[in-house]
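# Fold and contact review
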Amino acid sequence: MKSFEEVFISASKNTDDRRMFYKMLLDLEVYLLTNEDDTIKEDGTLIAGSKVNFLTIQKQDGSTIIPFFSNLELLQKFITSNQKYISMNAKSLFELVRDTPMILNPNFTVQKEFTVSEINALRDGTIFQPQNSRIIEKETKIMIGEPKEYPHDVVNNLIKIFKKEKRVLEAYLVHYYNPEEEVPPHSLILVKCTSSYDEVIAKAGITVEGLGKVVDFVRYDNSSLTNLIISKYKPFYKKKLFVFW
C-alpha cells in the first residue's frame, strides 16, 4: 500500500488521485507547531481542556497561514530551534481551524495550501459531493457552442477517470453560457451514466477543481438540453462495448 507522502506526490501530478489523497488525509495523524509551552506534554500530547495557539507563518503577500505536517520528521526539518508541537487527527484539526488557511508540508517535495472553504468542505464531507448543484426552475435561454480554446487538460484527465468507471457510457463537452447567471462562459460536460451519477461527478469535480477550471456537469436525460447536445456534437468519451456472438 502506498504511503500518504507517495499518494500526495501522485495527486500533485495526476488529478484523478486527489480523491484518494483527501480520504487518506482525513484519517492521518498530523503535526503542528504551537506557541504554547504549558499545555503540551513532552510527547506532544495536548492536555485536556487547554487552549492552544498554532504557530503561523507569513506568506509573500503578508497574509498568515498555519503550517502542518504529515509526519514528525518533516516538522523537525522545518524548524531551526526547539519548538513545542502537538499531533492530532487531521479531521479533528479541521474541526478546530475554520477561519485560517493552512499549508501542508511547506518544506516537502510538494506542498499544498488549503483555503478556508476547502477546509470546511473537508470537515463536512461536501468535497466528495458534486459542488453547487442546482435546478433550473424556469424556461431559460442559454447559448452553447464549440469552445474557442479546447480544454485538453480537462478532457484528458476526465477520460482517465471515465475509463476506470464502468458506469460512465458517454461524455460530451460544449462551451456554455447562461445570461441569467453571474458566471462567464465556460465548459459544460454532459455525462451519461448507468447509475450513481452523483458519485461519479463528485470524483470528476475534484479533478476539475484541481485544474483551476470552471466547469458545469449535467446529467444525460430526456431534456431538450441533452437532445440538443447529442444532436450537434460528438462525445469526447464513449465506452467501448464488446458484443459476443
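As the structure is a computational prediction, the values presented were derived from the model and not from experiment.

All right, on to the pattern of salt bridges then. Using the criterion set out here, one finds seven salt bridges in the structure. Residues Lys59 and Glu113 are paired through a salt bridge, measuring 3.0 Å at the closest nitrogen-oxygen approach. On the criterion of sequence distance, the pair formed by Lys59 in the loop between β2 (57-58) and β3 (64-69) and Glu113 in strand β6 (residues 112-114) is long-range, its members being 54 residues apart. Between Glu73 and Lys77 there is a salt bridge, with the nearest N and O atoms lying 3.4 Å from each other. You can see Glu73 and its partner Lys77 sitting in helix α3 (residues 72-78), four residues apart, about one turn around the helix. The exposure class of Glu73 is partly exposed, given its relative accessible area of 48%. Take Lys77: its relative accessible area is 57%, and that puts it in the exposed class. The network of salt bridges with common partners includes Glu165, Arg167 and Glu199.

A large share of helix α2 (residues 18-26) lies buried, amounting to seven of its nine residues. Looking at α2, one finds that the buried residues are Arg18, Arg19, Phe21, Tyr22, Met24, Leu25 and Leu26.

What follows deals with the packing of aromatic side chains. Per the counting criterion, the structure on display carries 12 aromatic pairs. Summarising the aromatic geometry, the rings of Phe68 and Phe94 are spaced 6.2 Å apart at their centres and angled 85° between planes, so their arrangement reads as edge-to-face. A residue pair is termed long-range when its members are at least 10 positions apart, and Phe68 in strand β3 and Phe94 in helix α4 (residues 90-96) qualify at 26 residues. Owing to a relative accessible area of 0%, Phe68 belongs among the buried residues under this scheme. Overall, the relative accessible area of 0% leaves Phe94 in the buried class. Plain terms: the ring middles of Phe69 and Phe78 are 5.2 Å apart, the flat faces sit at 55° to each other, and that makes the pair tilted. Among the aromatic residues, those joined into a ring-pair cluster are Phe4, Phe8, Phe21, Tyr22 and Phe108. Over the ring of Tyr220 we find Lys192, and its NZ or CZ is 4.7 Å from the ring centre.

The backbone of Asn105 shows a phi angle near 50°, a positive value even though the residue is not glycine. With respect to the element layout, Asn105 can be found in the loop between β5 (102-104) and β6. By relative accessible area, Asn105 is classed as buried at 0%. Its identity as a non-glycine residue notwithstanding, Ser196 has a phi of 50°, on the positive side. Of note, Ser196 is situated in the loop between β9 (186-193) and α7 (197-210). Judged by relative accessible area, which is 35%, Ser196 ranks as partly exposed.

Rules used in this analysis
Residues numbered from 1 in each chain as written. Predicted model: local features only at pLDDT ≥ 70, side-chain atom pairs only at ≥ 80, totals over all residues. Heavy atoms only, no water. Salt bridge = Lys/Arg side-chain N within 4 Å of Asp/Glu carboxyl O. Helix = DSSP H or I, 4+ residues; strand = E, 2+ residues; numbered from the N terminus. Buried < 20%, exposed > 50% of the residue type's maximum accessible area, 1.4 Å probe, protein only. Phe/Tyr/Trp six-rings, centres within 6.5 Å; stacked < 30°, edge-to-face > 60°. Lys NZ or Arg CZ within 6 Å of the ring centre and 35° of its normal.

Purely geometric numbers; function is a separate question.
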